[in-house]
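One-letter residues, chain by chain:
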Amino acid sequence: METKSKSGSVPFVRGFVESVRRNGGIIIGLLIICAILTVMSDSFLSPQNFSNIMRQITVNVILACGMTMVIILGGIDLSVGSIIAVSGCLCCGLITNVGMPSVAAIPISIAAGTMVGVFNGLVVSRTTIPPFIVTLATMNIGRGFARIYTKATTILVDDELFTFIGSGKIFGSIPIHFVYMIVVIAASALILNRTRLGRNIYAVGDNRQAASYSGIHSGKVTLTVFIIMGFFAACAGIVSSARTFSGQFNVGEGTEMDAISAVVLGGTSMSGGVGYLSGTIIGCVVIGVLNNGMNILGIDSSWQYVVKGVVVLIAVFIDYFKKMRE
(Lines give C-alpha, C1' and ligand atoms only; values in the text may rest on other atoms or scores of the structure.)
Protein backbone atom coordinates (compact mmCIF):
# COMPACT_ATOMS: atom_id res chain seq x y z
CA MET A 1 0.00 0.00 0.00
CA GLU A 2 2.85 2.34 0.85
CA THR A 3 4.53 1.69 -2.50
CA LYS A 4 1.34 2.51 -4.41
CA SER A 5 0.94 5.73 -2.48
CA LYS A 6 4.47 6.83 -3.28
CA SER A 7 4.20 5.93 -6.95
CA GLY A 8 0.83 7.62 -7.18
CA SER A 9 2.29 10.82 -5.80
CA VAL A 10 5.08 10.97 -8.39
CA PRO A 11 2.90 12.27 -11.29
CA PHE A 12 1.42 14.92 -8.99
CA VAL A 13 4.83 16.11 -7.80
CA ARG A 14 6.17 16.02 -11.35
CA GLY A 15 3.18 18.00 -12.60
CA PHE A 16 3.58 20.56 -9.81
CA VAL A 17 7.27 21.03 -10.54
CA GLU A 18 6.56 21.37 -14.27
CA SER A 19 3.85 23.95 -13.54
CA VAL A 20 6.22 26.00 -11.38
CA ARG A 21 8.92 25.82 -14.04
CA ARG A 22 6.52 26.79 -16.80
CA ASN A 23 5.12 29.74 -14.84
CA GLY A 24 8.42 30.75 -13.23
CA GLY A 25 8.54 34.15 -14.91
CA ILE A 26 5.07 35.29 -13.85
CA ILE A 27 5.57 33.88 -10.33
CA ILE A 28 8.76 35.91 -9.95
CA GLY A 29 6.94 38.97 -11.28
CA LEU A 30 4.13 38.44 -8.76
CA LEU A 31 6.61 38.15 -5.89
CA ILE A 32 8.37 41.35 -6.97
CA ILE A 33 5.05 43.23 -7.14
CA CYS A 34 4.09 41.94 -3.69
CA ALA A 35 7.48 42.94 -2.26
CA ILE A 36 7.16 46.48 -3.65
CA LEU A 37 3.61 46.88 -2.34
CA THR A 38 4.63 45.51 1.07
CA VAL A 39 7.34 48.17 1.36
CA MET A 40 4.99 50.93 0.21
CA SER A 41 1.98 49.93 2.33
CA ASP A 42 1.79 48.39 5.81
CA SER A 43 -1.72 47.07 5.21
CA PHE A 44 -0.97 45.09 2.04
CA LEU A 45 0.03 41.84 3.78
CA SER A 46 -2.78 41.90 6.34
CA PRO A 47 -5.11 38.87 6.43
CA GLN A 48 -8.07 41.19 5.79
CA ASN A 49 -6.49 42.55 2.63
CA PHE A 50 -5.61 39.05 1.43
CA SER A 51 -9.26 38.06 1.90
CA ASN A 52 -10.31 41.18 -0.04
CA ILE A 53 -8.03 40.26 -2.94
CA MET A 54 -9.43 36.73 -3.09
CA ARG A 55 -12.98 38.06 -3.05
CA GLN A 56 -12.21 40.66 -5.70
CA ILE A 57 -10.69 38.17 -8.15
CA THR A 58 -13.61 35.71 -7.95
CA VAL A 59 -15.41 37.07 -11.00
CA ASN A 60 -12.17 37.34 -12.98
CA VAL A 61 -11.21 33.74 -12.15
CA ILE A 62 -14.60 32.49 -13.39
CA LEU A 63 -14.31 34.49 -16.60
CA ALA A 64 -10.63 33.73 -17.18
CA CYS A 65 -11.17 29.97 -16.93
CA GLY A 66 -13.66 30.15 -19.78
CA MET A 67 -11.56 32.67 -21.68
CA THR A 68 -8.58 30.31 -21.50
CA MET A 69 -10.54 27.74 -23.50
CA VAL A 70 -11.69 30.37 -26.00
CA ILE A 71 -8.18 31.72 -26.60
CA ILE A 72 -6.58 28.25 -26.78
CA LEU A 73 -9.20 27.56 -29.45
CA GLY A 74 -7.86 30.57 -31.35
CA GLY A 75 -10.80 32.86 -30.65
CA ILE A 76 -11.73 35.68 -28.30
CA ASP A 77 -14.91 36.76 -26.51
CA LEU A 78 -15.50 40.46 -25.84
CA SER A 79 -19.12 39.97 -24.78
CA VAL A 80 -18.50 38.45 -21.33
CA GLY A 81 -18.84 41.79 -19.52
CA SER A 82 -22.20 42.36 -21.18
CA ILE A 83 -23.34 38.84 -20.29
CA ILE A 84 -22.54 39.68 -16.66
CA ALA A 85 -24.79 42.74 -16.93
CA VAL A 86 -27.58 40.87 -18.73
CA SER A 87 -27.76 37.94 -16.29
CA GLY A 88 -27.27 40.08 -13.18
CA CYS A 89 -29.81 42.77 -14.09
CA LEU A 90 -32.36 40.22 -15.33
CA CYS A 91 -32.09 38.24 -12.10
CA CYS A 92 -32.50 41.32 -9.91
CA GLY A 93 -35.43 42.52 -12.01
CA LEU A 94 -37.21 39.16 -11.78
CA ILE A 95 -36.78 39.07 -8.01
CA THR A 96 -37.62 42.72 -7.21
CA ASN A 97 -39.97 43.84 -9.98
CA VAL A 98 -41.73 40.58 -10.84
CA GLY A 99 -41.67 39.02 -7.38
CA MET A 100 -40.20 35.76 -8.62
CA PRO A 101 -38.44 33.56 -6.03
CA SER A 102 -34.67 33.70 -6.34
CA VAL A 103 -34.50 29.91 -6.78
CA ALA A 104 -36.34 30.38 -10.06
CA ALA A 105 -34.89 33.74 -11.11
CA ILE A 106 -31.27 32.61 -10.84
CA PRO A 107 -31.42 29.63 -13.26
CA ILE A 108 -33.56 31.63 -15.72
CA SER A 109 -31.01 34.45 -15.71
CA ILE A 110 -28.09 32.03 -16.11
CA ALA A 111 -29.90 30.42 -19.04
CA ALA A 112 -30.42 33.85 -20.64
CA GLY A 113 -26.73 34.66 -20.35
CA THR A 114 -25.77 31.25 -21.67
CA MET A 115 -27.95 31.85 -24.74
CA VAL A 116 -25.67 34.75 -25.66
CA GLY A 117 -22.82 32.25 -25.66
CA VAL A 118 -24.91 29.92 -27.83
CA PHE A 119 -25.49 32.73 -30.33
CA ASN A 120 -21.80 33.63 -30.39
CA GLY A 121 -20.86 29.99 -30.91
CA LEU A 122 -23.36 29.41 -33.69
CA VAL A 123 -22.28 32.47 -35.67
CA VAL A 124 -18.55 31.87 -35.19
CA SER A 125 -18.74 28.14 -35.95
CA ARG A 126 -21.00 28.39 -39.01
CA THR A 127 -19.56 31.48 -40.69
CA THR A 128 -16.14 32.93 -41.40
CA ILE A 129 -16.88 36.10 -39.40
CA PRO A 130 -14.03 36.64 -36.91
CA PRO A 131 -14.96 36.05 -33.23
CA PHE A 132 -13.73 39.56 -32.46
CA ILE A 133 -16.45 41.11 -34.65
CA VAL A 134 -19.23 38.77 -33.50
CA THR A 135 -18.59 39.23 -29.80
CA LEU A 136 -18.03 42.98 -30.21
CA ALA A 137 -21.55 43.18 -31.66
CA THR A 138 -23.11 41.09 -28.88
CA MET A 139 -21.19 43.14 -26.32
CA ASN A 140 -22.98 46.30 -27.49
CA ILE A 141 -26.33 44.53 -27.79
CA GLY A 142 -26.03 43.17 -24.24
CA ARG A 143 -25.07 46.57 -22.85
CA GLY A 144 -28.05 48.12 -24.57
CA PHE A 145 -30.41 45.45 -23.25
CA ALA A 146 -29.16 45.92 -19.67
CA ARG A 147 -29.63 49.69 -19.89
CA ILE A 148 -33.13 49.36 -21.37
CA TYR A 149 -34.22 46.69 -18.89
CA THR A 150 -33.08 48.66 -15.85
CA LYS A 151 -34.08 52.04 -17.35
CA ALA A 152 -30.53 53.14 -16.51
CA THR A 153 -31.27 52.80 -12.79
CA THR A 154 -30.15 50.43 -10.04
CA ILE A 155 -32.45 47.55 -9.08
CA LEU A 156 -32.04 46.78 -5.37
CA VAL A 157 -32.61 43.25 -4.11
CA ASP A 158 -33.61 42.12 -0.62
CA ASP A 159 -33.53 38.33 -0.75
CA GLU A 160 -31.91 35.96 1.72
CA LEU A 161 -30.59 33.43 -0.82
CA PHE A 162 -29.32 36.18 -3.11
CA THR A 163 -27.53 37.82 -0.18
CA PHE A 164 -25.93 34.50 0.78
CA ILE A 165 -24.67 33.96 -2.78
CA GLY A 166 -22.96 37.34 -2.66
CA SER A 167 -21.46 37.39 0.82
CA GLY A 168 -22.20 34.10 2.58
CA LYS A 169 -19.76 31.86 4.41
CA ILE A 170 -19.46 28.08 4.52
CA PHE A 171 -19.02 26.46 7.94
CA GLY A 172 -19.17 29.92 9.45
CA SER A 173 -15.71 31.04 8.33
CA ILE A 174 -14.95 30.09 4.69
CA PRO A 175 -16.15 32.78 2.23
CA ILE A 176 -18.42 31.25 -0.38
CA HIS A 177 -16.35 32.98 -3.09
CA PHE A 178 -13.58 30.46 -2.44
CA VAL A 179 -16.03 27.67 -3.20
CA TYR A 180 -16.98 29.27 -6.52
CA MET A 181 -13.35 29.54 -7.56
CA ILE A 182 -12.48 25.98 -6.55
CA VAL A 183 -15.48 24.53 -8.39
CA VAL A 184 -14.85 26.51 -11.60
CA ILE A 185 -11.09 25.83 -11.60
CA ALA A 186 -11.65 22.12 -10.98
CA ALA A 187 -14.29 21.87 -13.72
CA SER A 188 -12.11 23.77 -16.20
CA ALA A 189 -9.04 21.68 -15.39
CA LEU A 190 -11.09 18.52 -15.87
CA ILE A 191 -12.35 19.70 -19.25
CA LEU A 192 -8.95 20.77 -20.56
CA ASN A 193 -6.82 17.94 -19.18
CA ARG A 194 -9.06 14.89 -18.82
CA THR A 195 -11.63 14.96 -21.61
CA ARG A 196 -11.75 14.51 -25.36
CA LEU A 197 -13.21 18.02 -25.64
CA GLY A 198 -10.07 19.43 -24.01
CA ARG A 199 -7.78 17.58 -26.43
CA ASN A 200 -9.91 18.77 -29.34
CA ILE A 201 -9.74 22.38 -28.13
CA TYR A 202 -5.94 22.26 -28.26
CA ALA A 203 -5.97 20.49 -31.62
CA VAL A 204 -8.36 22.97 -33.27
CA GLY A 205 -6.46 25.93 -31.83
CA ASP A 206 -3.14 24.58 -33.05
CA ASN A 207 -4.27 23.78 -36.60
CA ARG A 208 -7.95 23.83 -37.49
CA GLN A 209 -7.46 22.26 -40.90
CA ALA A 210 -5.32 19.41 -39.58
CA ALA A 211 -7.85 18.83 -36.79
CA SER A 212 -10.64 18.53 -39.37
CA TYR A 213 -8.59 16.03 -41.39
CA SER A 214 -8.12 13.94 -38.24
CA GLY A 215 -11.88 13.65 -37.76
CA ILE A 216 -12.46 16.46 -35.25
CA HIS A 217 -15.63 18.49 -35.87
CA SER A 218 -14.18 21.95 -35.28
CA GLY A 219 -17.60 23.60 -35.52
CA LYS A 220 -18.99 21.56 -32.63
CA VAL A 221 -15.89 22.21 -30.55
CA THR A 222 -16.17 25.97 -31.19
CA LEU A 223 -19.87 26.01 -30.34
CA THR A 224 -19.30 24.07 -27.11
CA VAL A 225 -16.49 26.36 -25.96
CA PHE A 226 -18.55 29.53 -26.50
CA ILE A 227 -21.49 27.95 -24.67
CA ILE A 228 -19.21 27.18 -21.70
CA MET A 229 -17.92 30.76 -21.82
CA GLY A 230 -21.47 32.12 -21.84
CA PHE A 231 -22.43 29.90 -18.90
CA PHE A 232 -19.40 30.96 -16.86
CA ALA A 233 -20.05 34.64 -17.61
CA ALA A 234 -23.72 34.30 -16.65
CA CYS A 235 -22.74 32.70 -13.33
CA ALA A 236 -20.23 35.50 -12.77
CA GLY A 237 -23.06 37.98 -13.38
CA ILE A 238 -25.15 36.45 -10.60
CA VAL A 239 -22.18 36.47 -8.22
CA SER A 240 -21.28 40.06 -9.13
CA SER A 241 -24.82 41.38 -8.62
CA ALA A 242 -25.32 39.37 -5.43
CA ARG A 243 -22.16 40.87 -3.99
CA THR A 244 -23.67 44.38 -4.28
CA PHE A 245 -27.29 43.24 -3.67
CA SER A 246 -28.30 45.07 -6.83
CA GLY A 247 -28.58 44.97 -10.58
CA GLN A 248 -26.62 47.76 -12.29
CA PHE A 249 -26.59 48.27 -16.04
CA ASN A 250 -22.88 49.14 -16.03
CA VAL A 251 -21.78 46.13 -13.98
CA GLY A 252 -19.04 44.09 -15.64
CA GLU A 253 -17.58 46.95 -17.66
CA GLY A 254 -13.93 46.19 -18.38
CA THR A 255 -14.09 42.65 -17.01
CA GLU A 256 -13.46 41.19 -20.46
CA MET A 257 -10.12 42.99 -20.56
CA ASP A 258 -9.14 41.79 -17.09
CA ALA A 259 -9.97 38.21 -18.09
CA ILE A 260 -8.01 38.44 -21.35
CA SER A 261 -5.12 40.07 -19.49
CA ALA A 262 -4.99 37.24 -16.94
CA VAL A 263 -5.04 34.60 -19.68
CA VAL A 264 -2.28 36.28 -21.69
CA LEU A 265 -0.17 36.90 -18.58
CA GLY A 266 -0.55 33.21 -17.76
CA GLY A 267 1.22 32.25 -20.99
CA THR A 268 -1.72 31.33 -23.22
CA SER A 269 -0.87 32.20 -26.82
CA MET A 270 -3.24 34.59 -28.59
CA SER A 271 -2.70 32.59 -31.77
CA GLY A 272 -4.21 29.51 -30.14
CA GLY A 273 -3.11 25.96 -29.45
CA VAL A 274 -0.99 26.74 -26.37
CA GLY A 275 -2.13 27.53 -22.84
CA TYR A 276 -2.36 26.25 -19.30
CA LEU A 277 -4.99 26.88 -16.64
CA SER A 278 -2.37 27.14 -13.89
CA GLY A 279 -0.84 30.15 -15.61
CA THR A 280 -4.27 31.75 -15.98
CA ILE A 281 -4.94 31.47 -12.24
CA ILE A 282 -1.61 33.08 -11.43
CA GLY A 283 -2.43 35.77 -14.00
CA CYS A 284 -5.72 36.45 -12.17
CA VAL A 285 -3.82 36.86 -8.91
CA VAL A 286 -1.38 39.28 -10.58
CA ILE A 287 -4.24 41.40 -11.96
CA GLY A 288 -5.99 41.29 -8.57
CA VAL A 289 -2.84 42.29 -6.68
CA LEU A 290 -2.19 45.14 -9.12
CA ASN A 291 -5.76 46.45 -8.75
CA ASN A 292 -5.70 46.10 -4.98
CA GLY A 293 -2.23 47.61 -4.58
CA MET A 294 -2.98 50.63 -6.76
CA ASN A 295 -6.22 51.24 -4.84
CA ILE A 296 -4.37 51.05 -1.51
CA LEU A 297 -1.77 53.51 -2.79
CA GLY A 298 -4.50 55.84 -4.02
CA ILE A 299 -3.37 55.78 -7.65
CA ASP A 300 -5.83 57.42 -10.03
CA SER A 301 -8.03 54.90 -11.85
CA SER A 302 -6.94 56.30 -15.22
CA TRP A 303 -3.35 55.31 -14.50
CA GLN A 304 -4.52 51.86 -13.42
CA TYR A 305 -5.72 51.23 -16.98
CA VAL A 306 -2.34 52.37 -18.28
CA VAL A 307 -0.42 50.06 -15.94
CA LYS A 308 -2.53 47.00 -16.79
CA GLY A 309 -2.27 47.80 -20.49
CA VAL A 310 1.51 47.97 -20.29
CA VAL A 311 1.64 44.67 -18.39
CA VAL A 312 -0.48 42.93 -21.03
CA LEU A 313 1.58 44.43 -23.85
CA ILE A 314 4.76 43.08 -22.25
CA ALA A 315 3.16 39.63 -21.98
CA VAL A 316 2.13 39.71 -25.65
CA PHE A 317 5.66 40.68 -26.71
CA ILE A 318 7.09 37.83 -24.63
CA ASP A 319 4.73 35.40 -26.38
CA TYR A 320 5.74 36.84 -29.76
CA PHE A 321 9.46 36.46 -29.14
CA LYS A 322 8.93 32.92 -27.82
CA LYS A 323 7.27 31.94 -31.08
CA MET A 324 9.99 33.65 -33.11
CA ARG A 325 12.66 31.72 -31.20
CA GLU A 326 10.83 28.42 -31.69
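Conventions adopted
- Residues numbered from 1 in each chain as written.
- Predicted model: local features only at pLDDT ≥ 70, side-chain atom pairs only at ≥ 80, totals over all residues.
- Heavy atoms only, no water.
- Helix = DSSP H or I, 4+ residues; strand = E, 2+ residues; numbered from the N terminus.
- Rg over C-alpha atoms; globule rule 2.2 N^0.38 Å.
- Buried < 20%, exposed > 50% of the residue type's maximum accessible area, 1.4 Å probe, protein only.
- Contact = heavy atoms within 4.5 Å.
- Areas by Shrake-Rupley, 256 points an atom, 1.4 Å probe, with all protein chains shown as cover.
- Lys, Arg positive; Asp, Glu negative; His and termini not counted.
- Charge placed at Lys NZ, Arg CZ, Asp CG, Glu CD.
- pLDDT = per-residue confidence, 0-100.
- Expected span 1.5 Å × (residues − 1).
- Axes fitted to C-alpha atoms, helices over the stretch in contact; angles between N-to-C directions.
- Parallel < 35°, antiparallel > 145°, perpendicular 65-115°, else oblique.
- Left-handed = near helix turned anticlockwise from the far one by under 90°.
- Nonpolar A, V, L, I, M, F, W, Y, C, P; charged D, E, K, R; others polar.

Caption draft 1: The arrangement of the overall build of the chain in detail. For the chain, the helix and strand inventory stands at 15 helices and four strands. Scaling as 2.2 N^0.38, a compact globule of 326 residues should have a C-alpha radius of gyration of about 20 Å, and the chain matches this with 20 Å. Principal-axis analysis of the C-alpha atoms places the extent of the chain at approximately 55 × 55 × 50 Å. Counting only residues that meet the buried cut, the chain has 48% of its 326 residues in that class. Taking as baseline every contact in the chain between residues at least 6 positions apart, the subset at least 24 positions apart corresponds to 78%. Here the chain has roughly 16,400 Å² of accessible surface; of this, 67% comes from carbon and sulfur atoms. Both charge centroids of the chain, one from 21 positive and one from 14 negative side chains, sit 10 Å from each other.

Caption draft 2: Main features of the confidence of the model for the chain. With 95% of its residues at a pLDDT of 70 or more, the chain shows a mean pLDDT of 89. Between residues 1-7, whose pLDDT stays under 50, and residues either more than four places distant or in other chains, the model counts zero contacts.

Caption draft 3: Main features of helix 5 (residues 80-96). In this model, helix 5 (17 residues) spans 24 Å end to end at C-alpha, consistent with the 24 Å of a helix rising 1.5 Å per residue. With 16 of 17 residues buried, helix 5 lies mostly within the body of the structure.

Caption draft 4: Looking closely at unusual backbone geometry. A positive phi angle is found at Lys151, which is not glycine, with a value near 55 degrees. Structurally, Lys151 is set in the loop between helix 7 (131-150) and strand 1 (155-156). Of note, the phi angle at Ala152 is positive, near 60 degrees, even though the residue is not glycine.

Caption draft 5: Structural detail: the packing of helix 13 (residues 255-265) against helix 14 (residues 277-296). The N-to-C vectors of helix 13 and helix 14 enclose an angle of 125 degrees; their axes lie 7 Å apart at closest approach. With respect to helix 14, the axis of helix 13 lies oblique. Considering only the axes of helix 13 and helix 14, their crossing is right-handed. On the side of helix 13, the interface is formed by Asp258, Ser261, Ala262, Val263 and Leu265, while helix 14 contributes Gly279, Thr280, Gly283, Cys284, Val286, Ile287 and Asn291. The residue makeup of the contact of helix 13 with helix 14, split by class, is six nonpolar, five polar and one charged.

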